[in-house]
Amino acid sequence: MAEVHLIGEVEGAHGVGSGFTSNILRVGGGQGLWCKWEIQVEDNGRWNKIEGAKGLDAKPLCVDKDDKPVLNEYGTTQVCFCKPGGEAVWQHPIDVHYATTALRGWPRMIFEVWSQNKDGRNEFAGYGVHHLPNASGVYDLEVPLWRPASSSQKER
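Reading the values: the criteria
- Residues numbered from 1 in each chain as written.
- Predicted model: local features only at pLDDT ≥ 70, side-chain atom pairs only at ≥ 80, totals over all residues.
- Heavy atoms only, no water.
- Core = buried A, V, L, I, M, F, W, Y, C linked by side-chain atoms within 4.5 Å.
- Buried < 20%, exposed > 50% of the residue type's maximum accessible area, 1.4 Å probe, protein only.
- Helix = DSSP H or I, 4+ residues; strand = E, 2+ residues; numbered from the N terminus.
- Contact = heavy atoms within 4.5 Å.
- Polar contact = N/O pair within 3.5 Å; in protein donor to acceptor, adjacent residues only side chain to side chain.
- Salt bridge = Lys/Arg side-chain N within 4 Å of Asp/Glu carboxyl O.

J.: Is there a simple way to explain the nonpolar core in this structure?
T.: Among soluble globular proteins, nonpolar side chains are generally buried collectively. One finds Val10, Trp37, Ile39, Trp90, Tyr98 and Met109 to be the most contacted residues of the largest nonpolar core, which totals 25 residues. Those elements giving two or more residues to this core turn out to be strand 1 (2-14), strand 2 (31-40), strand 5 (80-82), strand 6 (87-100) and strand 7 (108-116). Here this core gets 5 residues from one element, more than from any other, and that element is strand 6. Discounting chain neighbours no more than four positions away, the residues touching tryptophan 37 are Val10, Glu73, Tyr74, Gly75, Thr76, His92, Pro93, Ile94, Met109, Ile110 and Phe111.

J.: Would you take a moment to explain the side chain of glutamate 73 for this structure?
T.: If you trace the backbone, glutamate 73 turns up in strand 4 (residues 73-76). Overall, the relative accessible area of 3% leaves glutamate 73 in the buried class. Looking at glutamate 73, its side chain comes within polar contact range of the main-chain nitrogen of alanine 53, at 2.6 Å. Discounting chain neighbours no more than four positions away, the residues touching glutamate 73 are Trp37, Glu38, Ile39, Lys49, Gly52, Ala53, Cys62, Val96 and Tyr98.

J.: What exactly am I supposed to notice about the pattern of salt bridges here?
T.: For side chains bearing opposite charge, pairing can occur when the charged atoms are close. For the coordinates displayed, the defined rule picks out 5 salt bridges. Taking the shortest distance from any N to any O, the salt bridge between glutamate 42 and arginine 104 comes out at 3.4 Å. Residue glutamate 42 is found in the loop between strand 2 and strand 3 (47-51), and its partner arginine 104 is found in the loop between strand 6 and strand 7; the two are separated by 62 residues along the sequence.

Printed below as a string of structure tokens:
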């Protein structure tokens, strides 16, 4: 059985709030950005999560409604306030360990980036998806974000 160990971080975002997301700019020139991320693995019976994120009580954090560990790993970064179009720095750690008998269902990461105003109201800023490399090594992955176009002229 092969093992896949993913170690890294959700480093940050840059350019969000410029161009295609100009409607999330805030009075005062700043915006808060945060990210929900998930490592998705196809539940085809060939993948097993050996270890993932744990709480202070050493119990797995990624569980289903019955408190049983799930195959996918997920998390949320803190809010980083930055200039519009600037760089948000999260440096959110990721450390997950899988075992597999096949390449089918290889992990991919899904990102949702959100904007937050000073009152704590959240607005969607963009999606991103990236298949994780299937060769060992050190990688610096840049994931482009996209978001659906609004049908309202006011939100464009």
